[in-house]
Amino acid sequence: MFRLLFVLFIIIPIIEIFVLIQVGAVLGVWPTIGMVIFTAWLGAKYVRQQGISTLNSVQTKMAQGQMPSDEIVTALMLLVAGVLLVTPGFVTDFLGLSLLIPAVRHTIAGSVMSHISSNNANQQGFQFHSHSHGQSQNQDDFSKQPESPFQENLQPPHEGQTLDGEFERKD
């Protein structure tokens, strides 16, 4: 994790400054600044378009009762692309623009999803042990709440019980 943070906050800015100086020396200051501003504007435009498309796809899948996992990963990558494109520099703009290419995103999403799936498969056999009862419980049993001496008089809500009431909105 330290290496990743080191690269993000030290190495990438140094590379960006170097590339900006080299491009500025060839094209001049104002064309270089104009290109950085143009790529940020263009990237923000495409991130917005593809983000709206992804949001529509999420809503469609959820309406069909499906889990929009691919769309969630795509939305996260679009968020990263937007941050990279708004960050001044050509290297981050290149990385951000590459994340706007659907084929690149699908490749990365497939890799991320397979990594997540393999991590979930490795954790399926993991069991938690309860110290108060001396028995093991599966990780799916988190909905059960341990008894507390402070909650002796509280009754759990009953299924199917309806409460009637009135409310008043005060703006």
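Remember, predicted model here, so these are calculated numbers, not experimental data.

Conventions used here
Residues numbered from 1 in each chain as written. Predicted model: local features only at pLDDT ≥ 70, side-chain atom pairs only at ≥ 80, totals over all residues. Heavy atoms only, no water. Helix = DSSP H or I, 4+ residues; strand = E, 2+ residues; numbered from the N terminus. Buried < 20%, exposed > 50% of the residue type's maximum accessible area, 1.4 Å probe, protein only. Contact = heavy atoms within 4.5 Å. Areas by Shrake-Rupley, 256 points an atom, 1.4 Å probe, with all protein chains shown as cover. Core = buried A, V, L, I, M, F, W, Y, C linked by side-chain atoms within 4.5 Å. Patch = residues over 30% accessible without salt bridge, like charges linked within 9 Å, V, L, I, M, F, W, Y side chains within 5 Å. Salt bridge = Lys/Arg side-chain N within 4 Å of Asp/Glu carboxyl O. Polar contact = N/O pair within 3.5 Å; in protein donor to acceptor, adjacent residues only side chain to side chain.

With respect to the overall build of the chain
Within the chain one finds five helices and two strands. For the chain, the sequential pattern of α-helices and β-strands runs α-α-α-α-α-β-β. Residues counted as buried form 18% of the 171 residues belonging to the chain. Sequence-distant contacts in the chain: of pairs separated by 6 or more residues, those separated by 24 or more amount to 48%. For the chain, the accessible area works out to roughly 14000 Å², and carbon and sulfur atoms hold 63% of it.

Quick notes on the nonpolar core
Grouped together as the largest cluster of nonpolar side chains are nine residues: Val-47, Val-73, Met-77, Leu-78, Ala-81, Leu-85, Leu-99, Leu-100 and Ala-109. Looking at this core element by element, the count peaks at five residues for helix H3 (residues 69-86). What Val-73 contacts, discounting residues up to four positions off in sequence, is Ala-109, Val-112 and Met-113.

Observations concerning the side chain of Thr-54
Looking at the element boundaries, Thr-54 is found in helix H2 (residues 29-63). Accessibility expressed as a relative area gives 9% for Thr-54, which makes it buried. Setting aside residues no more than four positions away along its own chain, Thr-54 makes contact with Glu-71, Thr-74, Ala-75 and Leu-78.

Some thoughts on a nonpolar patch on the surface
Taken together, the side chains of Met-1, Phe-2, Leu-4, Leu-5, Phe-6, Val-7, Leu-8, Phe-9, Ile-10, Ile-11, Ile-14 and Ile-15 make up a nonpolar region of the molecular surface, amounting to roughly 1200 Å² of accessible area. Accessibility expressed as a relative area gives 32% for Ile-11, which makes it partly exposed.

Focus on the side chain of Gln-50
Looking at where Gln-50 falls in the secondary structure, it is placed in helix H2. Residue classification places Gln-50 among the buried residues on the basis of a relative accessible area of 18%. A distance of 3.0 Å separates a polar side-chain atom of Gln-50 from the backbone oxygen of Leu-100.

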